[in-house]
Amino acid sequence: MKMNNVSDAQILIIDAGAQYGKVINRKIEELGIKTVFLPLNSTFETLSQNAASLKGVIISGGPGVGTAEAAQALKDTAFKLDVPILGICFGNQIIASAFGSTVESTKVREDGQFRIKVDVSSPLFSGMKEEQEVLVTHGYGITKIGPELKIIATSDGHIQGVQHTTKPIFGVQFHPEVDLTVHGREVLRNFCYNICNIAIRDVMKNRQALCLEDIRSSVQERTVLALLSGGVDSTVLAALLTKALGPSRVLAIHIDNGLMRKNESTLVVKALKNIGLDVKRVDCAYRFLNGKTWVHVEGCKNAQLSDCLNTIVDPEQKRRIIGDVFMHIMSELLNDLDKDKFILAQGTLAPDLIESGSKLSSAMADTIKTHHNDSPLAREFRNAGKMIEPLRTFYKDEVRELGRELNLPAELVNRHPFPGPGLAPRIICQLDLYPWYLENYNDFNNRLNLICSYHRLRATQSQMLNSLEAQLSDQKREFLISLKDHPRIYPVLLPVRTVGVQGDGRTYSYAAAFSCEAGAKISWDVLSHLTKLVTMLCPNVNRCCFVFGDKIEGPVRDITPTLLNPGAISRLREADSAAMDMLRQHDAMKLLSQMPVILLPLHFDRASRHDPSTKHSIVLRPFVTQDFMTGSAAIPGKHIPEPVVNDIAAAVSGVLGISRVMYDLTDKPPGTTEWE
Ligand SMILES: Nc1ncnc2c1ncn2[C@@H]1O[C@H](COP(=O)(O)OP(=O)(O)OP(=O)(O)O)[C@@H](O)[C@H]1O
Ligand SMILES: O=c1[nH]c(=O)c2[nH+]cn([C@@H]3O[C@H](COP(=O)(O)O)[C@@H](O)[C@H]3O)c2[nH]1
Ligand SMILES: NC(=O)CC[C@H](N)C(=O)O
Ligand SMILES: [Mg+2]
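The text that follows walks through the structure, step by step, so that each part is easy to find. (Residues numbered from 1 in each chain as written. Chains lettered and ligands numbered in written order. Predicted model: local features only at pLDDT ≥ 70, side-chain atom pairs only at ≥ 80, totals over all residues. Heavy atoms only, no water.)

1. Let's talk about the site of ligand 1
By nearness alone, 21 residues border ligand 1, and Leu 227, Ser 229, Ser 234, Ile 255 and Lys 396 come closest of all. Backbone polar atom of Leu 228 to a nitrogen atom of ligand 1: 3.5 Å apart, as the coordinates give it. Look at ligand 1: alone it shows 580 Å² of surface, and the protein chains cover 96% of it. Residue composition of the shell around ligand 1, by class: 9 nonpolar, 9 polar and 3 charged. (Near = heavy atom within 4 Å. Polar contact = N/O pair within 3.5 Å; in protein donor to acceptor, adjacent residues only side chain to side chain. Areas by Shrake-Rupley, 256 points an atom, 1.4 Å probe, with all protein chains shown as cover. Nonpolar A, V, L, I, M, F, W, Y, C, P; charged D, E, K, R; others polar.)

2. Thoughts on the sheet that holds strand β2 (residues 10–15)
Across the sheet, 9 strands lie side by side as β3-β2-β4-β5-β10-β9-β8-β6-β7; this open sheet has mixed pairing. Looking at the sheet topology across the chains shown, the edges are occupied by β3 (34–39) and β7 (131–144). With strand direction ignored, the average angle separating the axes of adjacent strands in the sheet is 25°. Sheet topology note: the strand β9 (residues 158–164)/strand β10 (residues 169–172) ladder contains 3 bridges and is antiparallel. Pairing of Val 162 across the sheet is with Gly 171, part of β10. Helix α1 (residues 21–30) contacts β2, β3, β4 (54–59) and β5 (85–88) of the sheet and is inclined by roughly 165° relative to β3. (Pairing = 2+ DSSP bridges. Helix = DSSP H or I, 4+ residues; strand = E, 2+ residues; numbered from the N terminus. Axes fitted to C-alpha atoms, helices over the stretch in contact; angles between N-to-C directions. Contact = heavy atoms within 4.5 Å.)

3. Structural notes on the site of ligand 3
Near ligand 3 there are 14 residues, and of these Gly 62, Gly 64, Cys 89, Gly 139 and Asp 504 occur at the shortest range. Note that a nitrogen atom of ligand 3 is positioned 3.5 Å from one of the side-chain N or O atoms of His 175. Between Asp 504 and ligand 3, the recorded distance is 2.8 Å, taken from a side-chain N or O atom to a nitrogen atom. When ligand 3 sits alone it has 290 Å² of accessible area, and the protein chains cover 96% of it. Elements that contribute at least two residues to the shell around ligand 3 include exactly α4 (90–98) and β7. Split by residue class, the shell around ligand 3 holds 4 nonpolar, 9 polar and 1 charged.

4. Quick word on the packing of aromatic side chains
The geometry of an aromatic ring pair comes down to the distance between the two centres and the angle between the two planes. Counted by the stated rule, this structure contains 9 aromatic pairs. Judged by centre distance (6.1 Å) and plane angle (55°), the ring pair of Trp 524 and Phe 548 falls under tilted. In this pair, Trp 524 is assigned in helix α19 (residues 524–537) and Phe 548 in the loop between β21 (541–547) and α20 (566–585), connecting sequence segments 24 residues apart. Note on Phe 548: relative accessible area 16%, which makes it buried. (Phe/Tyr/Trp six-rings, centres within 6.5 Å; stacked < 30°, edge-to-face > 60°. Buried < 20%, exposed > 50% of the residue type's maximum accessible area, 1.4 Å probe, protein only.)

5. Some points on the pattern of salt bridges
For the structure shown, the criterion picks out 39 salt bridges. Its salt-bridge partner being Arg 415, residue Glu 264 comes within 3.2 Å of it at the nearest N-O pair. Remark: Arg 415 occurs in the loop between α14 (410–413) and α15 (441–452) and Glu 264 occurs in helix α8 (residues 264–274); sequence separation between them is 151 residues. Note on Glu 264: relative accessible area 8%, which makes it buried. Across the pair Glu 316 and Arg 506 runs a salt bridge, and its minimum N-O distance is 4.0 Å. Of this pair, Glu 316 sits in helix α10 (residues 315–336) while Arg 506 sits in strand β20 (residues 505–515); the two residues are 190 residues apart in sequence, bridging distant segments of the chain. (Salt bridge = Lys/Arg side-chain N within 4 Å of Asp/Glu carboxyl O.)

No statement about biological role is implied by the geometric values presented.
Take a look at the structure:
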């Protein structure tokens, strides 16, 4: 269990709406330093409370752009505090703008892990190596540096860090707070200890003790109705509640929402019984599939009742309905009991809240996806004081540490997470037979083709080639030319959209697919690098997959109409079960953090155009991460042996009704772990 050394010194984090704002908190507190977290638009009076202990300011990233206008607003607030400042991403842009630099849309966006060079003579990078592996996610950057600033970090064509020539003001375009910035902790440590001159005093605070205190004071004399999925978070929650209140005051409920994995609910209830938790199972698949929620329709003053879940295509509406149905069921259970004597509990974590755009996490963050535990109705319950969430400031790796400390069995603590809405965000729905094409689909597809065939086409003449050339650095060009030595890659834009997180904002864009001739000896490293380049050079693509089997030529036209009905759910359930069995057989579960299996409404290789499209395709999404805020696609041969991947693909393609199997190569960002 992590101990927090808390000294009097404080670092103020100014929140501009970053997905990782609270991760900055966490990383600074891990250095033993207290933090204050305030929104970007706070007044000088608010920011300067506790001025005596304020030693430094960090301005976070955010979905906005750090233009001169945005910087102007900070002149009378953050910049007046007279302590060292570190700007991250949006914060870096704002510092640059404040000192006369030009911040504008960059030629190519950058989302993911990149290699940069840092100036080790800057106190921010003191003691570090010149080459660093960092996470960036932005579409804007510094293109011309102001007179009072100097550049302290660069990458292929981008300014990655600046420092004021006389004042202790620094900016980094990358995110030192996340795990994908391998030595990010050292940057934050340098800032706090060397630049802000904070000395550590050891006052220990135990987070488990704080959690237990929090539970006892908010529950008081009541009994807790705890929502238990059997996942890591809710199991740790139940153990904490039992420790704080005693088993007689914890009533555990597991809901089978009809969207669980094969036999999941039965196995979960059994596993929880084994650790002494008596769980009541509530079966309500029908309620979920027919569930509705209130939605705002453009032009209507009052909210309207949505259609049923089993007719909805929009991922956010699907998620909100599921969240609301969870709450309706709990509300009915409460009404059956003496409701004043009970309170609800959920295992909500920090990422659930930030990704749902909860104001509890940030006043300014974008909603990436609504987690079911933060649906409109869940928020009502929370605001009315009818629900507690003792793990709301924890990240997954911290919850696991807490679970170990509570002596929970390793197989429970190390389980792969499974989202509350279950298989629903893994079934990409499509109402009709016709592919979903944006107006300029052909332009996008041609550009994708040009990128993959650049080595053959670069001698030709076209406007599209000129515009691509303008975006290519020497490194990128060299890589694209080197594709001539790889078996030919056939790219295609898939007619399906998927959710991503780019520059701290939500994207909902095309997925691209690469394929090769059957039996070709592909290089996963090359495909992974190509994925990075495609998501940089095609703003409308946030995800790339490799398709197993023979090459796919031309646009994908065959759509199998798909909704959240028992047919689609059971097809995915079978494919997921085949994939998981194979992972278990190879003892490869532990190599991955999670492996969502996704159902796409795409039928490839149809024998005859006169028969209807009936099949679906499957995407495997093996993923490695610590805290699930950022992470990497697991690369075959590097994170997971290639024969295991081939066996999983073969097992899944043997499931009835499956057309092709694909492998997602996208990091987070620009993709998310789940597809919707
Ligand atoms: N089927 C379910 N029945 C009852 N409660 C659920 C169910 N699914 C989710 N929940 C509640 O929603 C919370 C958030 O779900 P989430 O999937 O994020 O966490 P988890 O299932 O506890 O852990 P993991 O992330 O490991 O799957 C859970 O902690 C639990 O309180
Ligand atoms: O209970 C949940 N309700 C949700 O709505 C939800 N969405 C994502 N997840 C899980 O959270 C982690 C991060 O996922 P993303 O990168 O897709 O946001 C991964 O572990 C995801 O599986 C969810 N869990
Ligand atoms: N992560 C960030 O702070 C991104 C800043 C800004 N939204 C950009 O895309 O450049
Ligand atoms: Mg879960």
